[in-house]
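Chains, contacts and geometry: an overview
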Amino acid sequence: MTKLAKWGLPLPATIAVTVLLIIPVTLTIATTFGEAKGAFSTYAAFFNSGFRRAVLWRTLEVALITTALSLVIGFITAYVIAQMPGRLKSIMIIAAVFPLLTGVVVRSFAWLIILGKNGIINDTLMSIGIINEPLSMLYTEGSVIVAMVYLFVPLMILTLTGVLEGIPRDLIEASASLGARPIPTFFQVILPLATPGLIVGAVLVFTGSFTSYATPQLLGGEKQMMMGTFLYQRAMVTFDWVGASTVAAIMVVITIAVVSIMSRIARRLNPMAV
Amino acid sequence: MPTRIHPVLGAFAALVFLFLLAPLVIIIGASLSDTTYLTFPPQGLSLRWFANIFQIEAFRRTAITSLQVAFLGTGLSLLIGIPAAYALNRYRVELPRWLSTLFVLPILVPEIVFGFSLLKSITIAAGLPVFPSLILGHALLVLPYSVRVVGASLASFDFSIEEAAMSLGCPPLKTFMTVVLPNIQAGVIAAFILAFITSINDVSVSVFLTGPGISTLPIQILAHMEQFFDPTIASVSVLLMLVTVGVMAIVEATLGLTFLTK
């Protein structure tokens, strides 16, 4: 009876993950090795193409910059939130949760209104006479990064607020009572304790921006092709499924590598772990 | 944490919140504009773009599809996720560790890769129609929430209560429904909300699985934007924000919003 329950209860979910995720994704990756020209020919073709290499580098660059900016902005904001009195703290958390729960399409669309040719920034700059011609801000790497930072800052704020609130007050009071001033306390007590949380947040933002589709599609377009939009274009516009599968395989390898390396580092750096 | 913050940090945080909320205010403004193009501040106030949403049949149809997919996909994920979460906690020592890793795979694999692979295998190779493909895809996408969030609630559940009920002769399923489930209610609600929101906002998986005649709202919005750049999209966005407000009210009433920082 117990044996039946033990293996039977997780069975439907196990079958679902196997049939709908593991097998399909494995098949996608497997097709990239089945080419007549040799097992790695599709990868050779990917890395020999200047355009495709540029797509990969751009995606890594955008993801890294987005992660760095989100970390700094999110950490400072979470630090302020964590020290606010109850009521103000709730309001700030609500203000961070609201964009988080709003869809990615809506949040990316907002930046089309702001950065577009007839957008707010161009309108304002032209009406006060700083520029005569509207600036082309859309479909640049910068527009994609701004929208991505906008997308991920709330996630970072909420993750880090939880982390900072979890730091025992006693430790900070102990540091202060032993004579440490706020800045050394921050760097020697708070920051090391928050590091595992910072790594978790960084991994979430990096993988999220590295694999994103909607935001680069709307704000980068054809000009700023990224891995997600390139995969879609290969698969659904040119019907080059082997090419699309190659992009997919590279995305999977990089994502899993980043997640496993960073979670190992996080475990090692955790000062609370024995 | 010390309770005094440096004014520079306070000002920085204020700017961050301006950055987070101003774009949403701008969308609301643009939706009210009486012009045929998107602009902010609005020129003349009008609700005609809201009326226009209801004239466009595709928005109504895809909104219904999105709701159906979100309810059925989330329901299915809870149906298979809760028993898995239960087993992982109840038989923690005996079950292999890779089993719990298995259920977070949908988070680890990039969504766009998952969507593309599902299209190739279940829609094209297995010939499954669009609607069930969408439901299965979304169910799997949100499965980690069902297993992990419900699992977190089960981790603090005292299984000796369950043993007490069973030793007094209560059958297993009845024990689960009347003893275990009420105790993990908060976790189930949280999992439902997170999964539902993820499903209804999803683009990366749906973009591959939607087919002729059947689409979800976010995909329809993207398609509309490619052809028209009028305030209709802003109005649809405002309606979606109202849905978010509704969800937040439910979260606040059932769990309290602070649960989201945990």
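Refer to the preceding data block for the structure.
First, a word on what this report is: a plain description of the structure on this page.

Parameters and conventions
Residues numbered from 1 in each chain as written. Chains lettered and ligands numbered in written order. Predicted model: local features only at pLDDT ≥ 70, side-chain atom pairs only at ≥ 80, totals over all residues. Heavy atoms only, no water. Helix = DSSP H or I, 4+ residues; strand = E, 2+ residues; numbered from the N terminus. Buried < 20%, exposed > 50% of the residue type's maximum accessible area, 1.4 Å probe, protein only. Contact = heavy atoms within 4.5 Å. Lys, Arg positive; Asp, Glu negative; His and termini not counted. Charge placed at Lys NZ, Arg CZ, Asp CG, Glu CD. Buried area = accessible area lost by both parts, 1.4 Å probe. Salt bridge = Lys/Arg side-chain N within 4 Å of Asp/Glu carboxyl O. Nonpolar A, V, L, I, M, F, W, Y, C, P; charged D, E, K, R; others polar. Axes fitted to C-alpha atoms, helices over the stretch in contact; angles between N-to-C directions. Parallel < 35°, antiparallel > 145°, perpendicular 65-115°, else oblique. Core = buried A, V, L, I, M, F, W, Y, C linked by side-chain atoms within 4.5 Å. Left-handed = near helix turned anticlockwise from the far one by under 90°.

Before going further, it helps to spend a moment on the overall build of chain A. Secondary structure assignment for chain A yields 13 helices and 0 strands. Counting helices and strands in the order they occur from the N terminus, chain A gives α-α-α-α-α-α-α-α-α-α-α-α-α. Counting only residues that meet the buried cut, chain A has 52% of its 274 residues in that class. Partitioning the contacts of chain A with sequence separation of at least 6, the portion at a separation of at least 24 is 71%. Here chain A contributes 17 positive and 10 negative side-chain charges, whose respective centroids are spaced 10 Å apart.

This part takes up the interface of chain A and chain B. One widely used convention gives an interface's size as the accessible area the parts lose upon coming together. Listed as interface residues are 82 residues of chain A and, on the opposing side, 78 residues of chain B. Of the roughly 7300 Å² buried between chain A and chain B, counting both surfaces, carbon and sulfur atoms make up 84%. Between the two partners, chain A and chain B, sit 1 salt bridge. Here B:Glu94 makes a salt bridge to A:Lys6, at a shortest N to O gap of 3.8 Å. Here the side of chain A that touches chain B is built from residues that sort into 64 nonpolar, 15 polar and 3 charged.

Moving on, we come to the packing of helix H10 (residues 182-210) of chain A against helix H13 (residues 241-269) of chain A. All names here are of chain A. Two elements in contact, H10 and H13, have axes whose closest approach is 9 Å; the angle formed by their N-to-C orientations is 175 degrees. For the element pair H10 / H13, the angle class is roughly antiparallel. Residue-level contacts link Thr195, Pro196, Ile199, Val203, Phe206, Thr207 and Phe210 of H10 to Met251, Ile254, Thr255, Val258, Val259, Met262, Ile265, Ala266 and Leu269 of H13. Residue composition of the contact of H10 with H13, by class: 13 nonpolar, 3 polar and no charged.

Take the nonpolar core next. Core analysis: the biggest nonpolar cluster contains 156 residues, and A:Leu231 and B:Phe103 have the highest contact counts within it. A total of 14 residues in this core trace back to one element, the largest contributor, which is helix H8 (residues 141-165) of chain A. Beyond its immediate chain neighbours, meaning those up to four positions away, A:Leu231 contacts A:Ala244, A:Val247, A:Ala248, A:Met251, B:Ile112, B:Val113, B:Phe116 and B:Phe208.

Before going further, it helps to spend a moment on the environment of A:Tyr79. Structurally, A:Tyr79 is set in helix H4 (residues 50-82). Placed 161 residues apart in sequence, A:Tyr79 and A:Asp240 show a C-alpha to C-alpha distance of 48 Å.

All names here are of chain B. Close contact between helix H10 (residues 185-201) and helix H13 (residues 232-254) brings their axes to 11 Å; oriented N to C, the two are set at 165 degrees. Taken together, H10 and H13 sit at an angle that is classed as roughly antiparallel. The chirality of how H10 crosses H13 is left-handed. Residue-level inspection shows Ile189, Ile193 and Ile197 of H10 in contact with H13, the latter providing Val247, Ile250, Val251 and Thr254. Residue composition of the contact of H10 with H13, grouped by class: 6 nonpolar, 1 polar and no charged.

Any functional reading would require information beyond the geometric quantities listed.
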